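Spelled out, the chains give:
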Amino acid sequence: MLLIILLIFMIAGSIIALETKNLLSAVIAAGAVGAGVCICFLMLGAPDIAITQMAVETLSLVILIRATISRDLTHITAQREAGGLVAVGVFMAVFVLFSTFALMEIPPFGKPLMTVSSYYVQNGLAQTGASNIISAIILDYRGYDTLGEATILFVAVAGAIVLLRKKGRKKAEEKDE
Amino acid sequence: MMLIYVLCMILFAIGIYGIVVKKNLVKIIISFCILDYAVNLFFILIGYKKDGIAPIMMPGQDKAQFVAQTVDPLPQALVLTSIVIGLGITILMVAIAIRLYDKYGTFDVMKMRKLKG
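Criteria and cut-off values
Residues numbered from 1 in each chain as written. Chains lettered and ligands numbered in written order. Predicted model: local features only at pLDDT ≥ 70, side-chain atom pairs only at ≥ 80, totals over all residues. Heavy atoms only, no water. UniProt positions renumbered as here; feature names shortened; annotations may be inferred. Helix = DSSP H or I, 4+ residues; strand = E, 2+ residues; numbered from the N terminus. Buried < 20%, exposed > 50% of the residue type's maximum accessible area, 1.4 Å probe, protein only. Contact = heavy atoms within 4.5 Å. Buried area = accessible area lost by both parts, 1.4 Å probe. Salt bridge = Lys/Arg side-chain N within 4 Å of Asp/Glu carboxyl O. Polar contact = N/O pair within 3.5 Å; in protein donor to acceptor, adjacent residues only side chain to side chain. Nonpolar A, V, L, I, M, F, W, Y, C, P; charged D, E, K, R; others polar. Phe/Tyr/Trp six-rings, centres within 6.5 Å; stacked < 30°, edge-to-face > 60°. Core = buried A, V, L, I, M, F, W, Y, C linked by side-chain atoms within 4.5 Å. Expected span 1.5 Å × (residues − 1). Arc of directions from axis to C-beta. Axes fitted to C-alpha atoms, helices over the stretch in contact; angles between N-to-C directions. Parallel < 35°, antiparallel > 145°, perpendicular 65-115°, else oblique. Patch = residues over 30% accessible without salt bridge, like charges linked within 9 Å, V, L, I, M, F, W, Y side chains within 5 Å. Areas by Shrake-Rupley, 256 points an atom, 1.4 Å probe, with all protein chains shown as cover.

Under Subcellular location (unreviewed entry), UniProt gives the following word-for-word description of chain A: "Cell membrane".

In structure tokens form, the structure reads like this:
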């Protein structure tokens, strides 16, 4: 019951974030949605995810405020042309159709389909020695996933550093533009 | 209790709407973050067991009871990866948005005409 109230709060926060005129308040409303997700994780029995979500949420809020503060304060009010709106209508219809099919197939709330993970839960402590089953999965059973994650994070940060660098390593005679 | 899945889908749909309709680059980035939250939350909701406990084995706990009560750990492990990757994506998008602002002086995507190929 509390989860439903929290989800409604998050939906309201995301609508405010998308429709408000001020960019800074939009970013802060998005941060409220992230904090709501964090509390949901805590209530759903995932404390590890909640800690990670809180740290990531704070960082991305800081980064987004860095992007918006003291920039573009003129309001962009015009919507996109009619083609985009028709496209979003068609997409919403298709999305509702497929999500109806999907909601009929998935197991009901509170009864998960634990096929692979029952093996992990039963043998995780004996095989890996980690009492936290999530760390056992991340760092042992699916270690290659974590390697890929580290690679993606490295590439993203390297790309951001290259983009934000003030001066490129160009020769003096090559003029920009 | 299908209502909670439906609310999560509504959050996802709001993210899609923002990405397609909004013209401000920062609003598009925020919509992407909301989309990310909705997908992560949906995975955790699927793995939830009623009156479940976190999948961390306490010392002295009965193993059979732990196996019967714990929530699904596999979606949680994957979502942990997904959250960190989402942070990387957000950083890259904000960097590109700051660069575009320096070049064009606006966040309005309709005014960035030179990008048309």
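Secondary structure summary: chain A contains seven helices and zero strands in total. Each helix and strand of chain A, ordered N terminal to C terminal, gives the series α-α-α-α-α-α-α. In chain A, which comprises 177 residues, the proportion classed as buried is 34%. Counting contacts in chain A only where the partners sit at least 6 residues apart, residues at least 24 apart contribute 41% of the total.

Facing the 88 residues of chain A at the interface are 79 residues of chain B. Taken together, both faces of the contact between chain A and chain B bury some 7900 Å²; the carbon and sulfur share is 78%. Inspection of the region where chain A meets chain B yields one salt bridge. The shortest N-O distance in the salt bridge between Lys22(B) and Glu19(A) comes to 3.4 Å. Across the contact surface, chain A and chain B share twelve residue pairs in polar contact (both at pLDDT 80 or more). Those elements that place two or more of their residues in the side of chain A that touches chain B are helix H1 (2-19), helix H2 (23-43), helix H3 (47-68), helix H4 (82-105), helix H5 (117-128), helix H6 (133-141) and helix H7 (143-164) of chain A. Ranked by residues supplied to the side of chain A that touches chain B, first place goes to H3(A) with 14 residues. When its residues are assigned to classes, the side of chain A that touches chain B shows 56 nonpolar, 17 polar and 15 charged.

Now for the packing of aromatic side chains. Each aromatic ring pair is described using two quantities: the centre-to-centre distance and the angle formed by the ring planes. Per the stated rule, a full pass over the model turns up eight aromatic pairs over all chains. The interplanar angle of 20 degrees and the centroid separation of 5.1 Å between the aromatic rings of Phe95(A) and Phe12(B) together place this pair among those described as stacked. In this pair, Phe95(A) is assigned in helix H4 and Phe12(B) in helix H1 (residues 3-21), connecting two distinct chains. The exposure class assigned to Phe95(A) is buried, which follows from its relative accessible area of 15%. A connected cluster of aromatic rings, assembled from ring pairs, spans Phe109(A), Tyr5(B), Phe42(B) and Tyr48(B).

Before going further, it helps to examine the nonpolar core. A general trend in soluble globular proteins is that nonpolar side chains are found buried together. Residues Ile30(B) and Leu41(B) are the most contacted members of the largest nonpolar core, which totals 74 residues. Tallying contributions element by element places helix H2 (residues 25-46) of chain B first for this core, with twelve residues. Residues contacting Ile30(B), with those up to four places away along its chain left out, are Ala17(A), Ala26(A), Val27(A), Ala30(A) and Leu64(A).

Turning our attention to H7(A). Since one α-helical turn is 3.6 residues long, residues separated by three or four positions face the same way. If you check H7(A), its first and last C-alpha atoms are 32 Å apart, about what 22 residues at 1.5 Å a residue would give, namely 32 Å. Taken as a whole, H7(A) has its buried residues at Glu149(A), Ala156(A) and Ala160(A). Buried positions in H7(A), seen along its axis, are confined to an arc of 35 degrees and lie on one side of it. In H7(A), the exposed positions that point more than 90 degrees away from the buried face belong to Tyr144(A), Leu147(A), Phe154(A), Val155(A) and Ile161(A). The inward-facing, buried residues of H7(A) abut helix H4 (73-104) of chain B.

What follows is about the packing of H2(B) against H4(B). All names here are of chain B. Between H2 and H4, the shortest axis-to-axis distance is 10 Å and the interhelical angle comes to 175 degrees. Judged by the angle between their axes, H2 and H4 are roughly antiparallel. Facing Leu-25, Ile-29, Phe-32, Cys-33, Asp-36, Asn-40, Phe-43 and Ile-44 of H2, the residues of H4 in contact are Pro-75, Gln-76, Val-79, Ser-82, Ile-83, Gly-86, Ile-89, Thr-90, Met-93, Val-94, Ala-97 and Leu-100. Here the contact of H2 with H4 is built from residues that sort into 14 nonpolar, five polar and one charged.

With that settled, consider a nonpolar patch on the surface. All names here are of chain A. There is a patch of nonpolar side chains on the surface, built from Val-86, Val-90, Val-94, Leu-97, Phe-98, Phe-101 and Met-104 and spanning about 730 Å² of accessible area. Its place among the elements puts Val-94 in helix H4. Exposure remark for Val-94: the relative accessible area of 40% places this residue in the partly exposed category.

On to the UniProt feature "domain: MrpA C-terminal/MbhD" (unreviewed entry) in chain A. Cross-referencing UniProt, the feature "domain: MrpA C-terminal/MbhD" (unreviewed entry) maps to residues 8-66 of chain A in the present numbering. Within the segment residues 8-66 of chain A, helix and strand shares are 90% and 0% respectively, and the terminal C-alpha atoms sit 29 Å apart.

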